[in-house]
Amino acid sequence: MTNVADTLRSVYNSGYTRPLAWRKQQLERMIRMLEENEADFLAALKTDLGKPSVEGFITDIAFVTGEIKLMLKNLEKWNKPRRVRTPIVTMPAKSVLMPEPLGVVLVIAPWNYPVQLLLVPAAGAIAAGNTVVMKPSEVSAATSTVLARLVPRYMDTKAVTLVEGGVPETTALLAEHYDHIFYTGNGTVGRIVMTAAAKNLTPVTLELGGKSPVIIDSSANLKVAARRIAWGKWLNAGQTCVAPDYVLIEETLHQPFIDEVRKAVDEFYGSDPHTSDSYGRIVSAHHFARLQRLMSNGTMALGGDTKEDERYISPTVLVDVDLESPLMTEEIFGPLLPVVPVKSVDEAIAFVSARPHPLALYVFAEKTSVIDDVLSRTTAGGVTVNGTLMHLTSPYLPFGGVGESGMGGYHGESSVRLFQHMKPVLKRGTKIDPALAYPPYTEKKARLFRKVL
């Protein structure tokens, strides 16, 4: 493999990607690529993940085009220098923050939302004026193939490159020198990415997931909570980085909640989700086997049906779970939902706080005091109150992790800012050049300095 980063750096250093007109053109072409080839993308998502076409359109087509349209609308505004205040000691002067691109950006995407999680950060990097290397996941092979065919057709190949492949190709890419690396995936690979980046002191953004908990208070609207948790959990067959990973619920609501979840599953997917056109499949035989092993760590309260040849696992609720088992210590990333009874919200907060900070946290309660208590005593990458997943759909809220769930945030303006340096610039005039600023330092000057500094 030729050194992709060096080639793109030469293009970047020439100023090729700096004009807003070029950035605008590339963003518009990305939208065209998605809209004109929607059927190809949806078919590939169906092959890789059994993803229903409506779900694929919402999460991997419309989500991306919506983000890019917002970038286009604000492209000039977000790339303008911004005036800030100037302290008296620097006068006469003006102070500005000048947004400038970083250079060459590498985006490494996962397989679960293989279009969205590749193109949204790549679009942000382009909108900021960078050259970009895109690396789709080899696990979602059909989608990777479509992207590899279409990206060179629509995007400017001088400044935007897509590299397919598995571990060897990714390892080779990481050996090169970038100005920013954006990785979405798991913590194990995240550590590898950071180690590689450290060689060149390259900044990284890591979107790493983790075990996103749900806390349900006794004041919660249980029916609504069950429906919203069921939707968030079984979207994409649970293969979502911010899917509810486990539920902590006050003991008296334990069985009533499971009953409401059962009703929601029946409403969403029918009495046999296997036949539903709205329910997906597990991405690979490897992940299917991993999820089957996790299922043995609890008692089935709902679901548990599997079909290995179709990589199908039904929406499954588990109770009587071993809190030290892999089910409760590893990210599930599949359609298994452990439900754990607790005596109080205090106990739930203590449970969450004793574990690594999650990418997302969900709390269901009608009492404002309970919601405030959970928000003030827990740490998470993002939170939706009385809902699941929805905080990441807002382009006005940065999406990202904290601690072991990641670092850095994107979406909307944050997607552009992430790939820029806000360069501080102080512009001084020369018409006035007071002697006061220079030696010798007299007693009179010293008294004045003490007054104004």
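Please refer to the structure higher up on the page.
Residues numbered from 1 in each chain as written. Predicted model: local features only at pLDDT ≥ 70, side-chain atom pairs only at ≥ 80, totals over all residues. Heavy atoms only, no water.

Enquirer: Explain the pattern of salt bridges to me, and be specific about the residues and the numbers.
Expert: Counted by the stated rule, this structure contains 17 salt bridges. Note that Asp179 is salt-bridged to Arg9, the shortest N-O span being 2.9 Å. Here Asp179 is found in the loop between α7 (167-174) and β6 (180-184), whereas its partner Arg9 is found in helix α1 (residues 4-13), with 170 residues between them in sequence. Here Glu413 makes a salt bridge to Arg417, at a shortest N to O gap of 3.2 Å. A residue pair is termed a helical-turn pair when its members lie 3 or 4 positions apart in one helix, as Glu413 and Arg417 do in helix α15 (residues 413-417) at four residues. A relative accessible area of 33% means that Glu413 is categorised as partly exposed. With relative accessibility at 25%, the residue Arg417 sits in the partly exposed group. A network of salt bridges, in which partner residues are shared, links Asp6, Arg9 and Asp179. (Salt bridge = Lys/Arg side-chain N within 4 Å of Asp/Glu carboxyl O. Helix = DSSP H or I, 4+ residues; strand = E, 2+ residues; numbered from the N terminus. Buried < 20%, exposed > 50% of the residue type's maximum accessible area, 1.4 Å probe, protein only.)

Enquirer: Describe the sheet that holds strand β7 (residues 204-207), with residues and values.
Expert: Pairing within the open sheet is mixed, and its six strands lie in the order β5-β4-β3-β6-β7-β18. The open sheet has two edge strands with one neighbour each: β5 (160-162) and β18 (406-407). Against the sheet, α7 touches β3 (104-108), β4 (131-135) and β6, its axis set at about 155° to β3. Each of β6, β7 and β18 touches helix α8 (residues 187-198); the most contacted strand, β7, lies at about 180° to it. (Pairing = 2+ DSSP bridges. Contact = heavy atoms within 4.5 Å. Axes fitted to C-alpha atoms, helices over the stretch in contact; angles between N-to-C directions.)

Enquirer: Explain a nonpolar patch on the surface to me, using residue names and the numbers behind them.
Expert: Together, Ile88, Val89, Met91, Leu436, Leu448, Val452 and Leu453 make up a nonpolar patch on the protein surface, roughly 640 Å² of accessible area in all. The exposure class assigned to Leu448 is partly exposed, which follows from its relative accessible area of 35%. (Patch = residues over 30% accessible without salt bridge, like charges linked within 9 Å, V, L, I, M, F, W, Y side chains within 5 Å. Areas by Shrake-Rupley, 256 points an atom, 1.4 Å probe, with all protein chains shown as cover.)

Enquirer: Please set out the nonpolar core residue by residue, giving values where relevant.
Expert: Leu119, Met134, Ile216 and Phe257 are the most contacted members of the largest nonpolar core, which totals 118 residues. With nine residues, the single largest contributor to this core is helix α5 (residues 116-127). Setting aside chain neighbours within four positions, we find Ile216 in contact with Leu222, Ile229, Val247, Leu248, Ile249, Glu250, Leu253, Phe257 and Phe364. One finds Leu106, Val163, Ile181 and Leu208 within the second-largest nonpolar core, a separate group that totals 18 residues. (Core = buried A, V, L, I, M, F, W, Y, C linked by side-chain atoms within 4.5 Å.)

Enquirer: For unusual backbone geometry, give the residues involved together with the corresponding values.
Expert: The omega angle of the peptide bond from Met91 to Pro92 is 0°, so this bond is cis rather than trans. Residue placement: Pro92 occurs in the loop between β1 (82-84) and β2 (93-101). At the junction of Pro439 and Pro440, the peptide bond is cis and its omega measures out at 5° in the coordinates. Here Pro440 lies in the loop between β20 (420-428) and α16 (443-452).

Enquirer: Tell me about the sheet that holds β1, and name the residues and values.
Expert: Here we have three strands laid out as an open sheet, ordered β1-β2-β20, and antiparallel in their pairing. At either end of the open sheet lies a strand with only one pairing partner, and these are β1 and β20. Neighbour-to-neighbour, the strand axes of this sheet turn through a mean angle of 30°, independent of strand direction. Pairing analysis gives three bridges linking β1 to β2, with the strands arranged antiparallel.

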